Amino acid sequence: MEETTISLKKYILIYGIILGILFVTYNVIIYISNGTINRNWIHTVIDLSIRIGIIIFGIKAYKLANNGFLKLSEAIKIGLGIVLIAGIMAVIWNIILNIIIEPDMISQKFNTQKQQIIDRNPGMSPEEVNQDMAVIKTYSSLPVMSIIVIIWNLFLGLIISIIGGAIIQKKKDVF
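Bear in mind that the values here come from a model prediction, so they are computed numbers and not experimental data. (Residues numbered from 1 in each chain as written. Predicted model: local features only at pLDDT ≥ 70, side-chain atom pairs only at ≥ 80, totals over all residues. Heavy atoms only, no water.)

Give a description of the packing of helix 2 (residues 41–65) against helix 3 (residues 72–101) that names residues and reports values.
When two helices pack together, their arrangement is captured by the angle between the axes and the distance separating the axes. Put simply, helix 2 and helix 3 touch, their axes get as near as 9 Å, and they point 135° apart. Overall, the two elements helix 2 and helix 3 adopt an arrangement that is oblique. For the pair helix 2 and helix 3, the crossing hand works out as right-handed. Two secondary-structure elements touch here, helix 2 through Arg-51, Ile-54, Ile-55, Gly-58, Ile-59 and Tyr-62 and helix 3 through Glu-74, Ala-75, Ile-78, Gly-79, Ile-82 and Val-83. Per-class residue counts for the contact of helix 2 with helix 3 are 8 nonpolar, 2 polar and 2 charged. (Axes fitted to C-alpha atoms, helices over the stretch in contact; angles between N-to-C directions. Helix = DSSP H or I, 4+ residues; strand = E, 2+ residues; numbered from the N terminus. Parallel < 35°, antiparallel > 145°, perpendicular 65-115°, else oblique. Left-handed = near helix turned anticlockwise from the far one by under 90°. Contact = heavy atoms within 4.5 Å. Nonpolar A, V, L, I, M, F, W, Y, C, P; charged D, E, K, R; others polar.)

Lay out the layout of surface pockets in plain terms, naming residues and giving numbers.
The calculated volume of the largest pocket comes to roughly 1,100 Å³. Lining the largest pocket are 30 residues; nearest its centre among them are Asn-27, Arg-39, Asn-94, Lys-109 and Val-149. Counting residues per element, the ones that place at least two in the lining of the largest pocket are helix 1 (8–32), helix 2, helix 3, helix 4 (105–120) and helix 6 (142–168). For the lining of the largest pocket, the class distribution of residues is 15 nonpolar, 11 polar and 4 charged. (1 Å grid on protein atoms, 1.4 Å probe; cavity = no way out; pocket = protein on both sides within 12 Å on 5 of 7 lines; lining within 4 Å. Points joined across faces, edges and corners; volume = space filled by probe spheres on them.)

Residue-level account of the packing of helix 2 against helix 6, with values.
Relative to each other, helix 2 and helix 6 sit at 50°, their axes nearing to 10 Å. With respect to helix 6, the element helix 2 is oriented oblique. Handedness of the helix 2/helix 6 crossing: right-handed. Between helix 2, through Leu-48, Arg-51, Ile-52, Ile-55, Ile-56, Ile-59, Lys-60 and Lys-63, and helix 6, the contact on the second element is made entirely by Asn-153, Leu-156, Gly-157, Ile-160, Ser-161, Gly-164 and Ile-168. Looking at the contact of helix 2 with helix 6 residue by residue, the classes come out as 8 nonpolar, 4 polar and 3 charged.

Describe the environment of Lys-170, and please don't skip the residues or the numbers.
One can find Lys-170 in the segment after helix 6. For Lys-170, a relative accessible area of 46% gives the class partly exposed. Once you skip the residues sitting within four places of it in the chain, Lys-170 turns out to touch Lys-63, Gly-68, Phe-69 and Leu-70. (Buried < 20%, exposed > 50% of the residue type's maximum accessible area, 1.4 Å probe, protein only.)

Which residues make up the nonpolar core, and what values do they have?
Within the largest apolar cluster, 20 residues are counted, with the highest numbers of intra-cluster contacts made by Leu-19, Ile-59, Ile-78 and Ile-82. For this core, the secondary-structure elements that each account for two or more residues are helix 1, helix 2, helix 3 and helix 6. Among residues more than four places away in sequence, those in contact with Ile-78 are Leu-8, Ile-12, Gly-58, Ile-59 and Tyr-62. (Core = buried A, V, L, I, M, F, W, Y, C linked by side-chain atoms within 4.5 Å.)

Let's hear about the packing of aromatic side chains: which residues, and what values?
A full pass over the atoms with the stated rule returns 2 aromatic pairs. Ring geometry for Tyr-11 against Tyr-62: centres 5.6 Å apart, planes inclined by 80°, an arrangement best described as edge-to-face. Placement of the pair is Tyr-11 in helix 1 and Tyr-62 in helix 2, with a sequence separation of 51 residues. Each member of the pair, Tyr-11 as well as Tyr-62, is classed as buried. (Phe/Tyr/Trp six-rings, centres within 6.5 Å; stacked < 30°, edge-to-face > 60°.)

So what's going on with a nonpolar patch on the surface? Which residues, and what values?
Taken together, the side chains of Val-135, Tyr-139, Ile-148, Trp-152, Phe-155, Leu-158, Ile-159, Ile-162, Ile-163 and Ile-167 present a nonpolar region at the surface, about 960 Å² in accessible area. Secondary-structure elements contributing two or more residues to the nonpolar patch are helix 5 (126–139) and helix 6. Looking at the nonpolar patch, the element that brings in the most residues is helix 6, giving 8 residues. Among the structural elements, Phe-155 can be located in helix 6. (Patch = residues over 30% accessible without salt bridge, like charges linked within 9 Å, V, L, I, M, F, W, Y side chains within 5 Å. Areas by Shrake-Rupley, 256 points an atom, 1.4 Å probe, with all protein chains shown as cover. Salt bridge = Lys/Arg side-chain N within 4 Å of Asp/Glu carboxyl O.)

Any chance you could break down helix 2 for me, citing the residues and the numbers?
Taking 1.5 Å per residue as the helical rise, helix 2 with its 25 residues ought to reach 36 Å, and the 36 Å between its terminal C-alpha atoms agrees with that figure. The set of residues buried in helix 2 consists of His-43, Asp-47, Arg-51, Ile-54, Ile-55, Gly-58, Ile-59, Ala-61, Tyr-62 and Lys-63. Summarising the contacts, the buried residues of helix 2 are in contact with helix 1, helix 3 and helix 6. Immediately downstream of helix 2, the backbone of Asn-67 shows phi near 60°, a positive value. (Expected span 1.5 Å × (residues − 1).)

Structure, rendered in structure tokens:
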């Protein structure tokens, strides 16, 4: 019996682009509704739900095309590929937002974070606030934020893929 292999690339590309488009669309909606600077916990829940749904759909679509069989390693590759493509699209959106659309966005976030630190810790000295802000400023630069977005996407994609793949997997019987 000949064994045919189905390319993972097709599913990674299709679902990665779908997830990337959903990320960008969702972030445009958040930007338009002035939620970019002060993100709410519900934004995180919606973001995570979209991410989980698309990764699982991509893994299941591959399994269906592969005669109902799926290895955990294939699920992990698909999930990581999907979030990598979507993460790159999210980074591109973030660059466009912070450089072209709203060049003052990073400083607005920075000022908001500074005020939140002062409000949460009224006894902090100005030197301590400035030290905290120096660390935040380092991590708020566009290149560092871009790297963090990609790493965070890969981390979440790995976790979702492992859990989803472990549940969905079905190995071929070896005779």
